[in-house]
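Listed below, chain by chain, are the residues.
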Amino acid sequence: MKTAHPAKTNAARLLDTLGIPYELRPYEVDPDDLTAISVARKIGLPPEQVFKTLVAHTNTGDHLFAVIPGDAELDLKKLAHAAGAKKAELASLKDVEPLTGYIRGGVTVMGAKKPFPAYADETIELFDQISVSAGQRGLQLILAPADYLRAAEATITDLTKGPAPA
């Protein structure tokens, strides 16, 4: 009996094009718990190694991606500062899919509908491997942080408020 391989996503195809090695790791989706902490538990990695991708916009109307550890909270002031804006706020959930082509729980910078600037939290460089969404719920990409940063064309900066309350 052959094991079914997860379908290639746009993000995986982009990595293939760039010659970047990665692993696709499927997991069971719980629509009531799409948190990165839950995903981390299911794929066997610590939450700080599983990065979630958030969509935000600045006061000037620019959209951007913030990529932060699964157990951290985004500091919108730090994101605005990194983007050279006065203010940033998270995009509303209803806007995420039209902007990115991805649904909540499956957002990734790579292969998004529009190439918004991406900012990755500086802790991304602490790991040999990180996990990010492959562009659909139930599928993660495991790859080296330097490869991810190159593929996502992300800027490294401090984006978090410190550990989120448990």
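Read on for a plain summary of the structure.

Conventions adopted
Residues numbered from 1 in each chain as written. Predicted model: local features only at pLDDT ≥ 70, side-chain atom pairs only at ≥ 80, totals over all residues. Heavy atoms only, no water. Pairing = 2+ DSSP bridges. Helix = DSSP H or I, 4+ residues; strand = E, 2+ residues; numbered from the N terminus. Axes fitted to C-alpha atoms, helices over the stretch in contact; angles between N-to-C directions. Contact = heavy atoms within 4.5 Å. Buried < 20%, exposed > 50% of the residue type's maximum accessible area, 1.4 Å probe, protein only. Core = buried A, V, L, I, M, F, W, Y, C linked by side-chain atoms within 4.5 Å.

With respect to the sheet that holds strand β1 (residues 23-26)
Argument step 1. With respect to topology, three strands assemble into an open sheet ordered β1-β8-β7, the strand pairing being antiparallel. The strands lining the two open edges of the sheet, one partner per strand, are β1 and β7 (130-136). Between one strand axis and the next, the sheet turns through 35° on average, direction left out of account.
Argument step 2. As paired elements, β7 and strand β8 (residues 139-143) share five bridges and run antiparallel to each other. Bridge assignment links Gln136 to a residue of β8, and that residue is Leu139.
Argument step 3. The strands touched by helix α1 (residues 10-18) are β1, β7 and β8; relative to β8, the strand with the most contacts, the crossing angle is about 25°.

Considerations on the sheet that holds strand β5 (residues 88-90)
Argument step 1. Pairing is mixed across the open sheet formed by five strands, whose spatial order is β5-β2-β3-β6-β9. Strands at the two margins of the open sheet, each flanked by one partner only, are β5 and β9 (154-157). With direction set aside, neighbouring strand axes in the sheet form an average angle of 35°.
Argument step 2. Strand direction decides the pairing type here: strand β2 (residues 51-58) and β5, joined by three bridges, are antiparallel. When the sheet's bridge partners are listed, Thr58 is paired in β5 with Ala88.

So, the pairing of β2
Argument step 1. Here seven bridges tie β2 to strand β3 (residues 63-69), and the two strands are oriented antiparallel to one another. Bridged to Leu54 within β3 is Ala66.
Argument step 2. Hairpin connection from β2 to β3: four residues lie between these consecutive antiparallel strands, with Gly61 at a positive phi of about 90°.

Here we look at unusual backbone geometry
Argument step 1. The phi dihedral of Glu153 falls on the positive side, at around 50°, and the residue is not glycine.
Argument step 2. With respect to the helices and strands, Glu153 occurs in the loop between α5 (145-152) and β9.

What about the side chain of Thr9?
Argument step 1. Residue placement: Thr9 occurs in the segment before α1.
Argument step 2. Taking relative accessible area as the criterion, Thr9 reaches 6% and is therefore assigned buried.
Argument step 3. Apart from the residues lying within four places of it in its own chain, the contact partners of Thr9 are Ala134, Gln136 and Leu139.

Details of the nonpolar core
Argument step 1. Phe65, Met110, Ile130, Val132, Leu141, Leu143 and Tyr148 are the most contacted members of the largest nonpolar core, which has 33 residues in total.
Argument step 2. Looking at this core, the elements with two or more residues in it are α1, β2, β3, α4 (93-100), β6 (118-121), β7, β8 and α5.
Argument step 3. Per element, the largest residue contribution to this core is four residues, and it comes from α5.
Argument step 4. Counting ten residues, the second-largest nonpolar core is a separate cluster that includes Leu64, Leu74, Ala80 and Leu159.

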